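# Architecture at a glance
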Amino acid sequence: MLKINNLKVAVNGKEILKGLDLEVGPGELHAIMGPNGSGKSTLGYALAGRDGYDITDGSVEFEGQDLSELEPEERAAAGLFLAFQYPVEIPGVNNAYFLRAALNAQRKARGEEEVDSMTFLKTVRESIKTLKMDEGLLKRAVNEGFSGGEKKRNEIVQMAVLQPKLAILDETDSGLDIDALKLVAEGINGLRDGKRSFVVITHYQRLLDYLTPDRVHVLSDGRIVESGGKELSHRLEAEGYAFLEESAA
Amino acid sequence: MNQTVEQVNQVIQQRYKAGFYTDIESDRVRAGLDEEIVAMISAKKNEPAWLLEWRLKAFHHWQTMREPNWAHLKVPAIDFQKIHYYAAPKQKNRPKSLDEVDPKLLETFDKLGVPLHERARLAGVAVDAVFDSVSVGTTFQKELKEAGVIFCSFSEAVQEHPELVREYLGSVVPFTDNYFAALNSAVFSDGSFVYIPAGTRCPMELSTYFRINARDTGQFERTLIIAEPGSEVSYLEGCTAPMRDENQLHAAVVELVARKKAKIKYSTVQNWYPGDENGKGGIYNFVTKRGDCREDDARISWTQVETGSAITWKYPSCILRGDRSAGEFYSVALTHNHQQADTGTKMIHLGKDTTSKIISKGISAGKSNNSYRGLVRIAKRAANARNYTQCDSLLIGKTCGAHTFPYIESANPTAKVEHEATTSRIGEDQLFYCRARGLDEEDAVAMIVDGFCKEVFKELPMEFAVEAKALLEISLEGAVG
Ligand SMILES: Nc1ncnc2c1ncn2[C@@H]1O[C@H](COP(=O)(O)OP(=O)(O)O)[C@@H](O)[C@H]1O
Ligand SMILES: [Mg+2]
């Protein structure tokens, strides 16, 4: 599904990712943990194709396709989804309208037919319900005036409607209370079908308790420095990232 | 031959879809402006002596005036003697009904999406079509007549309802008002006239479509809307012109009179040719629009979507004379490439408990300059007057400019004036967010801009809101990347 080989990414001329390797197979859920500033969001942005996140070395393949050749919207249409750590407000643009336009743009790019508004509304309403969100959020402007938790859950609604092949979730759990966290986890688990893959960036063991990751990686200073099963996340929870320094020493 | 050039241009610049030229024989006066020209225009229209006299007074006053230079605009010198002040498509006799109108003219308006003929008329909208200096036809005349509404060309009103024209002409915008209003008063050729009798709610939207076609001509139309006590009307104007390398002048005057409890809603979708991407050609749009809430509880609302013209100089205003009268101004002004706009409003509070609301959205892209200029004046006797102004600018790219010039003059301490202003750039983060969800860059910009303009678009009649949105999208093509 996703094959990252010796990836180096520079932002404003500064190297942030310094040779990162990661392989995610179909249906797998990988967790990425790591201290603040280690480059987790940078990885998400680089995969989604944000301007200014220049790949200076290495390669990224998504379903055998070189990602660096695609525009962000082409990556989205190809099935890549990034849930933003800080979802962006778009004043005046109706949330449901935005999502439907996005879905139809992706479908059009794939040569599929547009969804009619009935089918669309049905899908959105279902995921809104799963996440116990207020349906009124559909009528509001995209993320405008949403609480932190509402923004994060809105990202999950978008994911559920867009049905990507690979979803990268950047600290979607940060700032959520335990109930909201469970709902987000349910939203994610509901989309696990043995084929769809996930890269879940998180600081906390809490979310992983509900998700059961196949692999856990530790990102530090632009590299994956440790990989393991879900027991690794427990160790991180107990010991913090301090042991990284020991192993580096 | 000209037409071929125009057609080639059209292919090159698909963006301006109204840029074609209609090859039709035109009856045009010689270039230049003097008493004789003024008299010729008046004679062509078979006008009564008092109107000619009024025109001549305006002309003499104009000669004593100078072009305004206070706007944040670079206006190249205009040679007023090179302009033809009257051009009309040649017609043997004035057509008595639309069936007699030259098919070429009907076709032109068809192409512009304003079908005049019976089969394809816009549902629920009566249209007056003005081609260069004259009105070529008005739809739904009969239906309106039954409601007692008068909706006709200005020339026709002068013939059929001279007493109304004489009473109200210049009563809101006197010819002494400003340079371009004086010019217009001297040479205006046609426009629309609306009269809504007392207690009548106009049964359909009224709309005028202005089209400049002939070369080297100016369009100087006049619109007069009179709403008698307790009446209500919604009026919309649209405008386009062919693409040409030379600049053309458009200097219109619009006067609205709202009597007791009357409501006038005036919407404009202005899409005059803006010039090419190097700033060549385009319409100079110098327009005076003013509404007079002449009696108590009157309401006047201006909504404008300005995407065209090389230069726009325009301040649709409200005089809030009656107690509790209300004025509104909703504006979207978009400039791209080398376009310049200095636009805004004036809210003059004279009556007690008068209210006004100003929502202005300026969007600048390319190398354009976009200014909001607004005056809120509270007279001494306007106790408890209220104004709310919100003025937002959106910048696309780094080579454009946005400016805000608010003027507040309050002579009554009970008045409350609120002003909010923001300037923002289309955020890279917003664009990336949209693209990461699958929208391409152009659609993303269109969506963000549409959201920015939402408060104004919702004031437009439904079908025109759709048109306005599409127009913004077209006008912004190539604005990013
Ligand atoms: N736009 C940017 N310009 C300069 N430095 C940046 C930018 N974005 C991120 N960085 C830097 O890159 C490093 C990694 O940031 P980030 O990927 O956001 O880390 P994380 O998500 O792991 O907290 C940090 O040192 C941060 O300061
Ligand atoms: Mg981060």
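This text gives an overview of the structure that appears in the document. (Residues numbered from 1 in each chain as written. Chains lettered and ligands numbered in written order. Predicted model: local features only at pLDDT ≥ 70, side-chain atom pairs only at ≥ 80, totals over all residues. Heavy atoms only, no water.)

### Some thoughts on the interface of chain A and chain B
Quick note on the threshold: By definition, residues are in contact when any of their heavy atoms lie within 4.5 Å. Note on terms: buried area is the combined drop in 1.4 Å-probe accessible area of two parts once they are placed together, counting the loss on both. By definition here, a salt bridge exists when the distance from a side-chain nitrogen of Lys or Arg to a carboxyl oxygen of Asp or Glu is within 4 Å. Counting of polar contacts relies on pairs of N or O atoms within 3.5 Å, with two restrictions inside protein: one atom must be capable of donating a hydrogen and the other of accepting it, and residues adjacent in sequence are counted only when both atoms are side-chain atoms. What counts as a helix is a DSSP run of H or I of at least four residues, what counts as a strand is a run of E of at least two, and both are numbered from the N terminus.
Opposite the 31 residues of chain A that make contact, chain B presents 19 residues. Where chain A abuts chain B, roughly 2,100 Å² becomes buried across the two surfaces, and 62% of that area is made up of carbon and sulfur atoms. At the junction of chain A and chain B, the tally comes to 4 salt bridges. The residue Arg437 of chain B makes a salt bridge to Glu155 of chain A at a minimum N-O spacing of 2.8 Å. Taken together, the connections running from chain A to chain B amount to 12 residue pairs in polar contact (both at pLDDT 80 or more). When contributions to the side of chain A that touches chain B are tallied by element, the ones reaching two or more residues are helix H1 (40-48), helix H2 (72-78), strand E6 (80-83), strand E7 (90-94), helix H3 (95-109) and helix H5 (148-162) of chain A.

### Some thoughts on the sheet that holds strand E12 (residues 223-228) of chain A
Strand pairing in a sheet takes place through backbone hydrogen bonds and is either antiparallel or parallel in direction. Residue and element names in this part refer to chain A. As a reminder of what qualifies: Here, any two strands with at least 2 DSSP bridges between them count as paired. To get an axis, fit a line to the C-alpha atoms, keeping to the stretch in contact for a helix; angles then go from 0 to 180 degrees between the N-to-C directions.
One open sheet accounts for 6 strands, arranged E6-E9-E10-E3-E11-E12; its pairing is mixed. Taken across any chain shown, the strands that pair with only one partner, and hence form the sheet edges, are E6 and E12. Strand-to-strand twist across the sheet, computed as the mean angle between neighbouring axes with direction ignored, equals 20 degrees. Relative to strand E11 (residues 215-220), strand E3 (residues 29-33) is paired through 4 bridges, and the arrangement is parallel. What sits directly across from Ala31, in E11, is Val216.

### Details of the coordination of the magnesium ion (ligand 2)
Residue and element names in this part refer to chain A. Note the threshold: We call an atom a donor if it is N, O or S and sits within 2.8 Å of the metal, or 3.2 Å for Na, K and Ca. Water is not counted, so some sites may look partial. For every residue, the accessible area obtained with a 1.4 Å probe (protein chains only) is divided by the maximum for its type, and the residue is called buried under 20%, exposed over 50%, and partly exposed between those limits.
Distances from the magnesium ion (ligand 2) to its protein donors, Ser41 (OG) and Gln85 (OE1), fall at 2.1 to 2.2 Å. Highlighted residues: Ser41 in helix H1 and Gln85 in the loop between E6 and E7, separated in sequence by 44 residues. Given a relative accessible area of 18%, Ser41 falls into the buried group. Assessed through its relative accessible area of 13%, Gln85 is described here as buried.

### Things to note about the nonpolar core
Note the threshold: Only buried residues count toward a nonpolar core. Its members are Ala, Val, Leu, Ile, Met, Phe, Trp, Tyr and Cys residues joined through side-chain atoms within 4.5 Å.
Core analysis: the largest hydrophobic core is formed by 65 residues, its most contacted members being Ile4 and Phe98 of chain A together with Ile363 and Val449 of chain B. For this core, the element with the most residues is helix H10 (residues 441-457) of chain B, which contributes 9 residues. Aside from chain neighbours lying at most four places away, what touches Phe98 of chain A is Ile90, Val93, Val142 and Gln158 of chain A together with Tyr433, Cys434, Arg437, Leu439 and Met447 of chain B.

### Section: empty space enclosed by the protein
All names here are of chain B. Put simply, the test is: The pocket and cavity definitions rest on a 1 Å grid over protein atoms only: a 1.4 Å probe that fits but cannot leave marks a cavity, an open set with protein on both sides within 12 Å along at least five of seven lines marks a pocket, and residues lining either have an atom within 4 Å of a point. Grid points are joined across faces, edges and corners, and a volume is the space filled by probe spheres set on the points. For this classification, Asp, Glu, Lys and Arg are treated as charged, while Ala, Val, Leu, Ile, Met, Phe, Trp, Tyr, Cys and Pro are nonpolar and the rest, including Gly, are polar.
One pass over the structure, following the stated rule, counts 6 cavities of 30 Å³ or more. Each pocket or cavity is described by its volume, and for the largest cavity that value is around 70 Å³. Lining of the largest cavity is provided by 13 residues; of these, Ser360, Gly362, Asn370, Ser371 and Tyr372 occupy positions nearest its centre. Of all elements in the fold, only strand E17 (326-335), strand E19 (355-364), strand E20 (369-378), strand E21 (386-395) and strand E22 (401-410) reach the threshold of two or more residues within the lining of the largest cavity. Counted by class, the lining of the largest cavity contains 3 nonpolar, 9 polar and 1 charged residues. Empty space within the second largest cavity amounts to approximately 60 Å³.

### Structural notes on the site of ligand 1
Residue and element names in this part refer to chain A. Spelled out, the test is: We call a residue near a given molecule or strand whenever any one of its heavy atoms falls within 4 Å of it. The accessible surface values rely on the Shrake-Rupley method and a 1.4 Å probe; as for residues, cover is taken only from the protein chains in view.
If you check the shell around ligand 1, you find 13 residues, and the closest are Gly37, Gly39, Lys40, Ser41 and Thr42. In this structure, an oxygen atom belonging to ligand 1 sits 3.1 Å away from a main-chain N or O atom of Gly39. Starting from 560 Å² of accessible surface for ligand 1 in isolation, the protein chains cover 64%. Of all the secondary structure elements, the ones that give two or more residues to the shell around ligand 1 are strand E2 (14-24) and H1. Counted by class, the shell around ligand 1 contains 4 nonpolar, 7 polar and 2 charged residues.

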